[in-house]
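Topology and contacts: notes
Below, each chain spelled out in residue letters.
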Amino acid sequence: MAERNKQHIVVNKPPRSEGYTPHKQKYDIPPIPAPPDRRAKGAALRTDFSTAIAQAAERRKMVEAEIKGAIPALYIEFQSLEGTPLDLNTLEAMRSGIEVVAVRREVTEHADGKKSFIELATVVVPDAKVGHFLKRFEAYSNTQPKEKAGERRHENMLDRVGQLRLATLKALWTDLGVDFPRDDDQRWWEVWLRRPDPTQKKKRTNSFEDFKEFCERLNLSLSDQRLEFEDRIVVLVNATARQLSQSIDVLNDIAEVRAVNILAGFLRDLDAVAQREWVDDLLQRTTAAPDHSPAVCILDSGVNRGHPLLRDHLSEADLHAIKPDWIVTDDDGHGTEMAGLALYGNVDAVAASTDSIAPGHRLESVRILPPVGQPNNEPHLFGAVTATATSVVEIAAPNRQRCFSLSIGANPEKGDGVPTSWSAAIDALAAGREFDADRQGLFYIDDHPDAARRRLFIVSAGNVDDRQFSLDHLARSDLEPVDDPGQAWNAITVGAYTALATVDPEDDWKDWKPVAEAGELSPWSRTSLSYGAQWPNKPDVVFEGGNIAHNGAGAFDFPVPTLCLLTTYHDLQKRAFTLTYATSAACAQVAQIAGRITATYPGLQPETVRALIVHSADWTQPMHKHLVGHPGKAARSRLVRRYGFGVPRVERALKSAADSLTLVVEGTIEPFNEGKLHQIQFHTLPWPKAALAQLGAASVQLRVTLSYFVEPNPSRRGWRKKHRYQSHGLRFAVKGASESVDEFRKRKNEQALDDEEIKPDSPEDQGWFLGARTRERGSVHSDVWNGSAADLAEREVIAIYPVSGWWKDQPKRDRSALGVRYALIVSIETSAEDIDIWTPVATEVGIEIKAEPITIPF
């Protein structure tokens, strides 16, 4: 492999854009079985509905609070037939205020091992609109021949319904797998309120003010924090289930109720050998970046900039806190630990070297955790906390390019990958939403595509509980789902692996051994093996997070100096350095890589920085060993669910080589128009055709990474059609070696066909390591193709095209016309000696070939 001393090549050639219609696919969907007697079923549903109306009237008589001006409504729970999903779209009539607010599935495992499910949807029906459903029950019951074409009998809607009933608060509980609280248990709740829909004929009153009045009437404690999404407002309230249940009888504002995740504990102060001369030596070798340089912003417990290794890289003006009465310095230690790693990486490595150190990025800090000892009696709505932190630092330095490093998280009640208010807030901020501190809302500053300030968040995957360590640490990690907000689609979620597997026999751990072998997952790291198939692969990458030791007799210990990293300590009166470990340390180091990329290639979009980090990652040999004897795609899917796309290689993220070419494309696409798929783009890339053809049958590797940010739709309403979480999806496809560009266009786009022309046969495209099903989860897609150089020489065209999202199904909220940004990273690598695939491409795009290598900031 040649030395990596060449810049990546940014391709500015615009793609060919075309109107897009995908080829129709045939799906064999079994019909919903008709009931034996539709008339009888319709009458039964009508009776159930009338009973619910009467029960609601009786319940309202028992309510302690009446909210003047609130629009009374029923909450009706529709239950499907066993094994049959409800048609959620037919249960709504948004212009009449009828809305599906919560959807859940209850799965039953039978004695024979088979599973079945029922689906339950809770629908808000204003009192004045109960006739909407009564008319449908009447039409459904009509078994006479239809009098005119198009007469609706609503079979598809009601054939699926087994029964309906008046809903209770429990019907709005969407934390599946978490027990609904007992009636009189006092606790904090995360309450999701509906926001008025501007298309409604009769608009609701202010849902937050109504709920606030309700809380005041019942003397319930309502947190000052709230978080506003496009159609939901999230608040925290302290109440019993019995008290909160009254809200659905006097308000139509409650959409969901969820548990409040408890913030995970922090690693406390560690013992380490402090050597002041290391600090002095490092200071002499280190040059700070100018004030205007890109920054890594640490969202944590503050940072002590008095540390000599941090002082010149973190200005006093760049220390902040989310509350004006909080100190901005670090009295806990965790934030300063993360700052050292985000600036230097593992301080042990740089301190032991003699190289000059010139970080190209700086640091910023926003304290999001209360000072030590300060009363903290309420839980925090950490989506609002994170949004406030981004606002604070961007107001102070609006023009600085930055990424955010978040090394704290909350233990999920149930780790199935379902979005939370925190993860959705990170996705919204990444996609370009701004935070209004007065309104506590997330909004777009205006409708100009360049006005949206998109952001890169780097988030830790969270740690396995240290009381749960096991020698079979992989099995333990596979059971521990990624911490909230690590399931955020648009963030880089970082797990931990370790290359540290040596216990010094002269230390206090004589005869102790490391739990994980070198190159394996760290025993600290969490995974997404428990996620549902529709949720992203998390973590995205893994990085050094240290190891733990065991004595062979069931005891485990940490921190062990040779199994940890070294970083800066917040209290210089005690020592200058401290040990650090786990996924928070891994997260901060990946943030350092992001800072280095941004300093090396100023102006890259956050989607591109994310793409380069993921693109540079690879699995270690111990990770690959899990595929031995399991060569199928299922085992590879498990590989990504555990390790993400592997360990980022800093040199690969920053530089190309003569035999390793990386192309960087930044594009904009319009996914939808008026509720239909709209645009496909074809990139014809500068390609080392002659050099590849010369290699002939030699094996080469192609890697493609596509990165984009989605806008979230976090309400738990079934995640189908207009209630999908993601606003849109994008996919890539590579031209086959044996097909022409026109054949490729016609294979991917029905609109490219001539009259009466049929779709060309798809060339067999073997050689992709993961395949579409695994790589296309989430909003960053990466895969590796291995094949002959001769084949690759003919594969220079890549298509980018959209797939469905909630923007498509909600055209009035669709922002496609403003364009969706994406990053496409393409690299070619060959192990052939004395081959140069970089220079011909650099010449083609007009890069001046210099004898000296490019300078990369440390």
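Up top you'll find the structure we're talking about.
Residues numbered from 1 in each chain as written. Predicted model: local features only at pLDDT ≥ 70, side-chain atom pairs only at ≥ 80, totals over all residues. Heavy atoms only, no water.

The secondary structure content of the protein amounts to 24 helices and 36 strands. Expected size for 858 residues packed as a compact globule is a radius of gyration near 29 Å; at 29 Å, the protein falls within 12% of this value. Counting only C-alpha atoms, the protein reaches 85 × 75 × 55 Å along its principal axes. In the protein, which comprises 858 residues, the proportion classed as buried is 60%. A fraction of 81% describes how many contacts in the protein between residues 6 or more apart in sequence connect residues 24 or more apart. The distance from the centre of the 104 positive side-chain charges to the centre of the 121 negative ones in the protein is 7 Å. (Helix = DSSP H or I, 4+ residues; strand = E, 2+ residues; numbered from the N terminus. Rg over C-alpha atoms; globule rule 2.2 N^0.38 Å. Buried < 20%, exposed > 50% of the residue type's maximum accessible area, 1.4 Å probe, protein only. Contact = heavy atoms within 4.5 Å. Lys, Arg positive; Asp, Glu negative; His and termini not counted. Charge placed at Lys NZ, Arg CZ, Asp CG, Glu CD.)

Geometry of an aromatic ring pair is reported as the spacing of the ring centres plus the angle between the planes. By the definition in use, this model includes 25 aromatic pairs. For the pair W489 and W535, a centre-to-centre distance of 6.4 Å together with 85° between the ring planes defines the contact as edge-to-face. Within this pair, whereas W489 is found in the loop between α13 (473-479) and β18 (492-498), its partner W535 is found in the loop between β20 (520-521) and β21 (541-544), the two being separated by 46 residues in sequence. When its relative accessible area of 3% is taken as the criterion, W535 is described as buried. Judged by centre distance (5.3 Å) and plane angle (35°), the ring pair of W619 and F769 falls under tilted. Of this pair, W619 sits in the loop between β26 (617-618) and α16 (621-624) while F769 sits in the loop between α20 (741-748) and α21 (772-775), and the two are 150 residues apart along the sequence. (Phe/Tyr/Trp six-rings, centres within 6.5 Å; stacked < 30°, edge-to-face > 60°.)

The omega angle of the peptide bond from K538 to P539 is 0°, so this bond is cis rather than trans. With respect to the helices and strands, the residue P539 is situated in the loop between β20 and β21. A cis geometry characterises the amide bond from F558 onward to P559, with omega recorded as -5°. One non-glycine residue with positive phi stands out, namely E674, at about 50°. The residue E674 is located in the loop between β29 (672-673) and β30 (676-677) in this model. Overall, E674 belongs to the exposed group, its relative accessible area being 71%.

Now for the nonpolar core. Across soluble globular proteins, you tend to see nonpolar side chains buried next to one another. With 98 residues, the main nonpolar core has I368 and L702 as its most contacted residues. Residue contributions to this core peak at seven residues, all from helix α12 (residues 421-431). Non-local contacts of L702, meaning those with residues more than four positions away in its chain, are made with W687, V734, W768, D783, V784, W785, L792, V826, S827 and I828. Formed by 81 residues, the second largest nonpolar core is a distinct cluster that contains V296, I492, A591 and L612. (Core = buried A, V, L, I, M, F, W, Y, C linked by side-chain atoms within 4.5 Å.)

Here the focus is the packing of helix α11 (residues 382-396) against α12. What describes two packed helices is the angle between their axes and the distance between those same axes. Look at α11 against α12: their axes get within 7 Å of each other, and the N-to-C directions meet at 30°. Here α11 lies roughly parallel to α12, going by the angle between them. Contacts between α11 and α12 involve F382, G383, T386, A387 and T390 from the first element and S421, W422, A425, I426 and L429 from the second. Classifying every residue of the contact of α11 with α12 gives six nonpolar, four polar and no charged. (Axes fitted to C-alpha atoms, helices over the stretch in contact; angles between N-to-C directions. Parallel < 35°, antiparallel > 145°, perpendicular 65-115°, else oblique. Nonpolar A, V, L, I, M, F, W, Y, C, P; charged D, E, K, R; others polar.)

So, about the sheet that holds strand β31 (residues 679-684). Strands sit in the order β2-β31-β35-β33 across an open sheet of four strands; the sheet is antiparallel. Single-partner strands in this sheet number two, and they are β2 (16-19) and β33 (729-734). With direction set aside, neighbouring strand axes in the sheet form an average angle of 20°. Relative to strand β35 (residues 797-803), β31 runs antiparallel, the two being bridged by four bridges. The residue bridging Q681 from the neighbouring strand is I800, located in β35. (Pairing = 2+ DSSP bridges.)

Residue placement: A387 occurs in helix α11. In sequence terms A387 and A428 are 41 residues apart; their C-alpha atoms lie 9.4 Å from each other. Not counting residues up to four positions away in its chain, the partners in contact with A387 are L429, F435 and L442.

Turning our eyes to something else, we now look at helix α7 (residues 276-285). Given 3.6 residues to a turn, an α-helix orients residues that are three or four positions apart in the same direction. Residues of α7 that are buried include every one of V279, L282 and R285, and no others. Taken down its axis, α7 places every buried residue within 130° of arc, on the same side. In this structure, α7 carries E277 and Q284 as exposed residues pointing more than 90 degrees from its buried face. (Arc of directions from axis to C-beta.)

The next point concerns helix α2 (residues 130-141). For α2, built from 12 residues, the straight-helix expectation of 16 Å at 1.5 Å per residue is met to within 8% by its first-to-last C-alpha distance of 17 Å. The buried fraction of α2 is high, at nine of 12 residues. Taken residue by residue, α2 has V130, H132, F133, L134, R136, F137, A139, Y140 and S141 as its buried positions. In this fold, the buried residues of α2 make contact with α1 (38-60), β3 (73-80), β5 (115-126), α3 (155-158) and β6 (161-166). (Expected span 1.5 Å × (residues − 1).)

Looking now at the sheet that holds strand β19 (residues 513-514). Strand pairing in a sheet is mediated by backbone hydrogen bonds. Such pairs are either parallel or antiparallel. Spatially, the three strands line up as an open sheet ordered β19-β22-β23, and their pairing is antiparallel. One side of each edge strand has no neighbouring strand; the edge strands of this open sheet are β19 and β23 (556-557). Relative to strand β22 (residues 549-550), β19 runs antiparallel, the two sharing two bridges. Looking at β22, one finds that K513 is bridged to H550.

Here we take up the packing of helix α14 (residues 582-600) against helix α15 (residues 606-615). Axis separation between α14 and α15 bottoms out at 10 Å; the angle between their running directions is 120°. Classified by the angle their axes make, α14 and α15 are oblique. Crossing hand, α14 versus α15: right-handed. The segment α14 lies against α15, with V590, I593, A594, I597 and T598 engaging V609, L612 and I613. For the contact of α14 with α15, the residue count by class is seven nonpolar, one polar and no charged. (Left-handed = near helix turned anticlockwise from the far one by under 90°.)

Turning next to the pairing of strand β11 (residues 295-300). With six of six residues buried, β11 lies mostly within the body of the structure. Taking every second residue as pointing to the same face, both faces of β11 are buried, with A295, C297 and L299 on one and V296, I298 and D300 on the other. In the sheet, β11 pairs with strand β13 (residues 362-367) via six bridges, with the strands oriented parallel. For D300, the partnering residue across the bridge sits in β13 and is R367.

Once that is clear, we can look at the pairing of strand β10 (residues 254-259). Summarising burial for β10: six of the six residues are buried, a large majority. Relative to β10, strand β7 (residues 187-194) runs antiparallel, the two being bridged by five bridges. Considered in β10, the bridge of V191 is made with V257.

Take the pattern of salt bridges next. One pass over the full model with this rule turns up 59 salt bridges. Between K625 and E517 there is a salt bridge, and its shortest N-O distance comes to 3.6 Å. Linking K625 in the loop between α16 and α17 (633-643) with E517 in the loop between β19 and β20, this pair joins segments that are 108 residues apart in sequence. Look at E517 and you get partly exposed, because its relative accessible area is 40%. For E796, the salt bridge is made with K689, and the minimal N-O distance between the two is 3.4 Å. (Salt bridge = Lys/Arg side-chain N within 4 Å of Asp/Glu carboxyl O.)

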